Every structure is written in C-alpha cells, then in structure tokens.
Amino acid sequence: MNGNTLSNLWLIGASPMAQDYAHVLKALDTPFTVIGRGKSSAKEFESALEVTVQTGGIEKVLQNELPPVTAIVAVGVEQLASVTTQLLQAGTKRILLEKPGGMNLEELKLLHEVQKKQSVLGNEPNEEVWLAYNRRFYEATRKAREKILSDGGATSLHFEFTEWSHKIREIEGKADIKAVWLLANSTHVIDLAFHLCGWPKDWQSWSSGSLDWHPASARFSGAGITDQNVLFSYFADWEAPGRWGVEVMTRKNRLILRPMEQLQVTPLGSVKIEAVPLEDKLDQDFKPGLYRQVETFLRKDITHFCTLEDQVKHAEFYEKMAGYNKN
C-alpha cells in the first residue's frame, strides 16, 4: 500500500489492537490508511506491519484531507467517543468502533446524538456505527448459535465475568479506565452471553465490596429473564479466583464456552464434557473473531453486530450490574 495516498478506509490508532486489524485488512487485500497520534506507537506499528502511519491524530489529517467513507476506530477507551464524533461530524458514513465505544453511558448517549444528527443532515444513507465485540464472531460462537437453533432454542443461561484483580492493579496509569472496568472489559463476556440468549426484560442485580482501582464494587450477582424468555443468572468476584465463562442450556445440551474460543457440550443424560470440533483456522491465524468481524463489516452484513443504538441500551444494564449508579 502506498502510504502517501489516503484510501477510503482509515484505521484510526497504532495500538497493538490496531496492528491486529491491519493484519486482517492486509489478508483481505483491502487498501487502508493508518492514522496514529504518537511517534513511538507509530514506529512500532510500521516495524511490525511495514505500513506507513500518519501521525498527529485525525484532527491534523482532517484539516487537509477529505474524511474517509469508512473507518475502524481502535484507539484507547478514553478516546473512542471523541475520535468517532470527529469522524461523524466530518462526514464518515460507516464506522467499526472498538468496544465499549465510550467511558460511560453519558458518552455513548452523546455520541449517539451526534450520529442521529449527522444522519438527518446528510443526503446519503444514514451513518452507521457498529461496536466491535469480536467474540460474537468466534467460530465457537457460530457453532453455539447453530446448536441452540437446532436444539429448539435456549432454556437457561449462566455466565461468569470474574477479573484478575491482582493483574489489573499492576497496570500502570489508566485509573479512569480501571474505575469502569466492567464496562471497559467485562462486557466482552456479558455481551456474548446476552447476544446468544436475548437481553434482560425483567431482572435484579446486586453488587458489593470495593477495590482500590474499582471503587464501585468488587462482587456482582444477578438473575432474571431475557426477551427470548430465557432464565439467566450471573456471578463475578474480583477478589477471588475465577475465570470468564458462558454456559447455555437447551433441552438437549449444556453448551460451555470456557475458554470462550472453545465450545464444549454435555449431552442430555450424561455428565461427560465433550469438545466440539471447530473449523477455526481463522481464529488461530488472527486475533480470534477479528477476521470474520472485519470481513462481515466490509460487506455490510449487520446480522450479528451490536449497533451504537443497541450499545446505549446495553450500557444501562452494564452500569446497573456494576453499581456505577448506586447513588
């Protein structure tokens, strides 16, 4: 790719996550332009990918260039909403936005208002912003959806999103992000669980405790019923051992995503946990889920995506689960 020519697809950010996107875009033979901010991350990106990075951020580039038609936003959590706002206001029509899209519900609401305003002002198709929850695009997830459908639907759901507090505490800086860690990170699990079984329509949640890096809460529990009439429960204790996991029950199988890149089942009438064979070469060759997510985004198939409008609604659940709105 000629780094001196801006393409109609911009990859915003030069982070390790942006590098993962670049690997996929190169494999898909899709021209793209990388817009970074700092020189250090740009240098690392260029060394790893042999792709030129334009530094200075999108503010600088948009002063001299027309906006891209399409963008992938892979910057830090604290910058996601502001960068996407600038792209929308400049006229970008389609955006794949890294999760969770903003630092809190208020940021997501403001971003959604910008999106709606730009859609009204424009004469072309409405601006589209899709959240990049790549676990929806795991081969294990695709197989789970297939089994849920063939079994006649899910009947119940349980998931756990315990985080390793001792590791997160060691992350330097990022105090503002760590303070909203359930939204910023745990929603990888929560989004997938509810994606498979529907979103809460009647539920209760509880949270307790506190961590020096996550003052709102340290333990989380809840239960209810989804809009697909699936009973669900969840649990997490960030001061105890644990791991992420999703279990979906049908009338024929217990489907287990733990680790979430793999699918295991316990058939009715058995206690044996059996591994399900997966054709998951793409999940092994690239960051899991990313190839299919980008491929689907580029062909404008919204079937399994979380839209920005969806995310605003979901963030209300997340903030309640986290105890961010206790007061």
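Just so you know, these numbers come straight off a predicted model, no measurement behind them. (Residues numbered from 1 in each chain as written. Predicted model: local features only at pLDDT ≥ 70, side-chain atom pairs only at ≥ 80, totals over all residues. Heavy atoms only, no water.)

A. Structural context of the pattern of salt bridges. Taken as a whole, this structure holds 18 salt bridges when the rule is applied. With a shortest N-O distance of 3.9 Å, Arg 299 and Asp 301 are connected by a salt bridge. Owing to a relative accessible area of 51%, Arg 299 belongs among the exposed residues under this scheme. Among the charged side chains, a network of salt bridges with common partners joins Glu 139, Arg 142, Lys 143, Glu 146 and Arg 292. (Salt bridge = Lys/Arg side-chain N within 4 Å of Asp/Glu carboxyl O. Buried < 20%, exposed > 50% of the residue type's maximum accessible area, 1.4 Å probe, protein only.)

B. Geometry of the sheet that holds strand S13 (residues 264–267). Read from one edge to the other, the open sheet built from eight strands follows the order S8-S9-S10-S7-S11-S12-S13-S14, with strand pairing classed as mixed. Of all strands in the sheet, those with a lone pairing partner are strand S8 (200–208) and strand S14 (274–275), marking the two edges. For S13 and S14, the ladder comprises two bridges, and the chain directions are antiparallel. Of the residues in S14, the one forming a bridge with Gln 264 is Ala 275. Taken strand by strand, helix H9 (residues 181–197) contacts strand S7 (156–161), S8, strand S9 (219–226), strand S10 (231–237), strand S11 (244–249) and strand S12 (253–257), and its axis lies near 165° from that of S7. Together, S7, S8, S9 and S10 form the strand contacts of helix H12 (residues 308–322), whose direction differs from that of S8 by roughly 30°. (Pairing = 2+ DSSP bridges. Helix = DSSP H or I, 4+ residues; strand = E, 2+ residues; numbered from the N terminus. Contact = heavy atoms within 4.5 Å. Axes fitted to C-alpha atoms, helices over the stretch in contact; angles between N-to-C directions.)

C. Examining the sheet that holds strand S3 (residues 53–54) more closely. Overall, mixed pairing links the seven strands, which are arranged S3-S2-S1-S4-S5-S6-S15 in an open sheet. Single-partner strands in this sheet number two, and they are S3 and strand S15 (306–307). Here strand S5 (residues 94–98) pairs with strand S6 (residues 128–132) via five bridges, running parallel. Within S6, the residue paired with Leu 96 across the bridge is Trp 130. The strands touched by helix H11 (residues 290–298) within the sheet are strand S1 (9–12), strand S4 (70–73), S5 and S6, with S5 carrying the most contacts at an inclination of about 160°.

D. Layout of H11. Every buried residue belonging to H11 is among Leu 290, Tyr 291, Gln 293, Val 294, Thr 296 and Phe 297, and all of these are buried. For H11, the elements touching its buried residues are helix H1 (16–27), S4, S5, S6 and helix H10 (281–285). Just past H11, the residue Lys 300 takes up positive phi, approximately 65°.

E. Representation of the pairing of S5 within the structure. The buried fraction of S5 is high, at five of five residues. Relative to S5, S4 runs parallel, the two being bridged by four bridges. Of the residues in S5, the one forming a bridge with Thr 70 is Arg 94. What joins S4 to S5 is helix H4 (residues 80–90), and the crossover it makes is right-handed. (Right-handed = clockwise from strand over helix to strand, strands pointing away.)

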